[in-house]
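# Examination of the molecular architecture
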Amino acid sequence: YGQQDDLRLSYVVWQEGVTPTVVVELISPGTEREDYGQTLRDAARPPTKWEVYEQVLRIPYYAIFNRYTDELQAFQNVAGRYEALPVTESRVWLPHLQLGLGLWQGSYQGNSRRWLRWYLASQDWVPMPEEQLQQERQRAEQERQRAEQERQRAERLAARLRELGIDPEVP
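Here's a quick rundown of the structure. Remember, predicted model here, so these are calculated numbers, not experimental data. (Residues numbered from 1 in each chain as written. Predicted model: local features only at pLDDT ≥ 70, side-chain atom pairs only at ≥ 80, totals over all residues. Heavy atoms only, no water.)

## Some points on the overall build of the protein chain
Per the secondary structure count, the protein chain includes four helices and seven strands. Listing every helix and strand of the protein chain by position from the N terminus yields α-β-α-α-β-β-β-β-β-β-α. Radius of gyration (C-alpha) of the protein chain: 27 Å, far over the 16 Å computed for a compact globule of 171 residues. For the protein chain, the C-alpha atoms occupy an extent of roughly 100 × 45 × 35 Å along the three principal directions. Here the protein chain holds 171 residues, and the buried ones make up 23% of them. In the protein chain, the share of contacts with a sequence separation of at least 24, taken over all contacts with a separation of at least 6, comes to 38%. A total accessible area of about 12,500 Å² is found for the protein chain, and carbon and sulfur atoms account for 51% of it. The distance from the centre of the 21 positive side-chain charges to the centre of the 26 negative ones in the protein chain is 2 Å. (Helix = DSSP H or I, 4+ residues; strand = E, 2+ residues; numbered from the N terminus. Rg over C-alpha atoms; globule rule 2.2 N^0.38 Å. Buried < 20%, exposed > 50% of the residue type's maximum accessible area, 1.4 Å probe, protein only. Contact = heavy atoms within 4.5 Å. Areas by Shrake-Rupley, 256 points an atom, 1.4 Å probe, with all protein chains shown as cover. Lys, Arg positive; Asp, Glu negative; His and termini not counted. Charge placed at Lys NZ, Arg CZ, Asp CG, Glu CD.)

## Quick word on the nonpolar core
The biggest cluster of nonpolar side chains holds ten residues, and these are V23, I27, Y36, W50, Y53, I59, Y62, I64, F75 and Y82. Sorting the residues of this core by element identifies α3 (49-56) and β2 (61-66) as the ones contributing at least two each. Core analysis: the second largest hydrophobic core is formed by eight residues, L72, A74, L85 and V92 among them. (Core = buried A, V, L, I, M, F, W, Y, C linked by side-chain atoms within 4.5 Å.)

## Examining the sheet that holds strand β6 (residues 99-108)
In spatial order, the strands read β5-β6-β7; together these three strands make up an open sheet with antiparallel pairing. Of all the strands in the sheet, just β5 (91-94) and β7 (111-119) have a single pairing partner and so form its edges. Strand-to-strand, the axes of this sheet are offset by a mean angle of 30°, without reference to chain direction. Note: β5 against β6, four bridges, orientation antiparallel. Residue V92 lies in a different strand from β6, and its bridge partner there is L101. (Pairing = 2+ DSSP bridges. Axes fitted to C-alpha atoms, helices over the stretch in contact; angles between N-to-C directions.)

## Observations concerning α3
Those residues of α3 that fall on the buried side of the exposure criterion are W50, E51, Y53 and E54. In a view along the axis of α3, the buried residues occupy a sector of 165°, so they form one face of it. Looking at the buried side of α3, the elements it contacts are β1 (22-26), α2 (32-35), β2, β3 (71-78) and β4 (81-84). A positive backbone phi angle near 50° is found at R58, which sits one or two residues after α3. (Arc of directions from axis to C-beta.)

## Points about the environment of L97
For L97, the location among the structural elements is in the loop between β5 and β6. With 50 residues separating them along the chain, L97 and P47 place their C-alpha atoms 27 Å apart. Once residues lying within four places of it in the same chain are set aside, the contact partners of L97 are T21, V22 and Y61.

## Overview of the pairing of β4
Pairing geometry for β3 and β4, over four bridges, is antiparallel. Residue pairing in the sheet places N77 in a bridge with Y82 of β4. Here β3 folds back onto β4 in antiparallel fashion, the turn holding two residues, of which A79 has a positive phi close to 55°.

## Quick look at the environment of L94
Tracing the backbone shows L94 in strand β5. For the pair L94 and D35, spaced 59 residues apart in the sequence, the C-alpha separation amounts to 20 Å.

## With respect to the packing of aromatic side chains
Under the definition given, this model contains ten aromatic pairs. With a centroid separation of 5.4 Å and 80° between ring planes, the pair formed by W50 and Y82 is classed as edge-to-face. Taken together, the positions of W50 in helix α3 and Y82 in strand β4 put the pair 32 residues apart, joining distant regions of the chain. Y82 carries the same exposure label as W50, and that label is buried. Members of the aromatic cluster, joined through ring pairs, are W50, Y53, Y62, F75 and Y82. Here the guanidinium or amino end of R91 rests over the ring plane of Y119, the centre of that ring lying 4.4 Å away. (Phe/Tyr/Trp six-rings, centres within 6.5 Å; stacked < 30°, edge-to-face > 60°. Lys NZ or Arg CZ within 6 Å of the ring centre and 35° of its normal.)

## A few points about a nonpolar patch on the surface
A surface patch of nonpolar side chains, amounting to about 360 Å² of accessible area, comprises V24, L26, W118, L120 and V126. Relative to the elements of secondary structure, L26 occurs in strand β1. (Patch = residues over 30% accessible without salt bridge, like charges linked within 9 Å, V, L, I, M, F, W, Y side chains within 5 Å. Salt bridge = Lys/Arg side-chain N within 4 Å of Asp/Glu carboxyl O.)

In structure tokens, the structure reads:
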């Protein structure tokens, strides 16, 4: 493959070999009506994006995020038609995936704003790689501290045994 082959900017089922379970549409100025399925298709033209997702590919979940208004909407495909899912506190639960999509306020790559982010049934955000690394470092530090406390405890016990005339090294 040449370098151009690696620059494909969209997901195409015939190259990926699998239909996605979720499509997340980021609203672009000028395409809102099509993104929301509000355009009528002329019979001589190809199906709209909404029609392809809903009726041709039958993608189970379709989410739309407007980064200009921070509005999140989501739909679930039920019998070939998208039905709106409730978005509560800027979060939507995708029941068949046991995963949610919500708006998280934070900083990512130097930009602070509301971002789309996956969350778990526990309501915790799925950790980003740097957060996961930080959590692992914290766990390692806690384990190191626990091991040091156990070592100090063993030393105190050994010292007490010696005070009582017992050699702690003898089995």
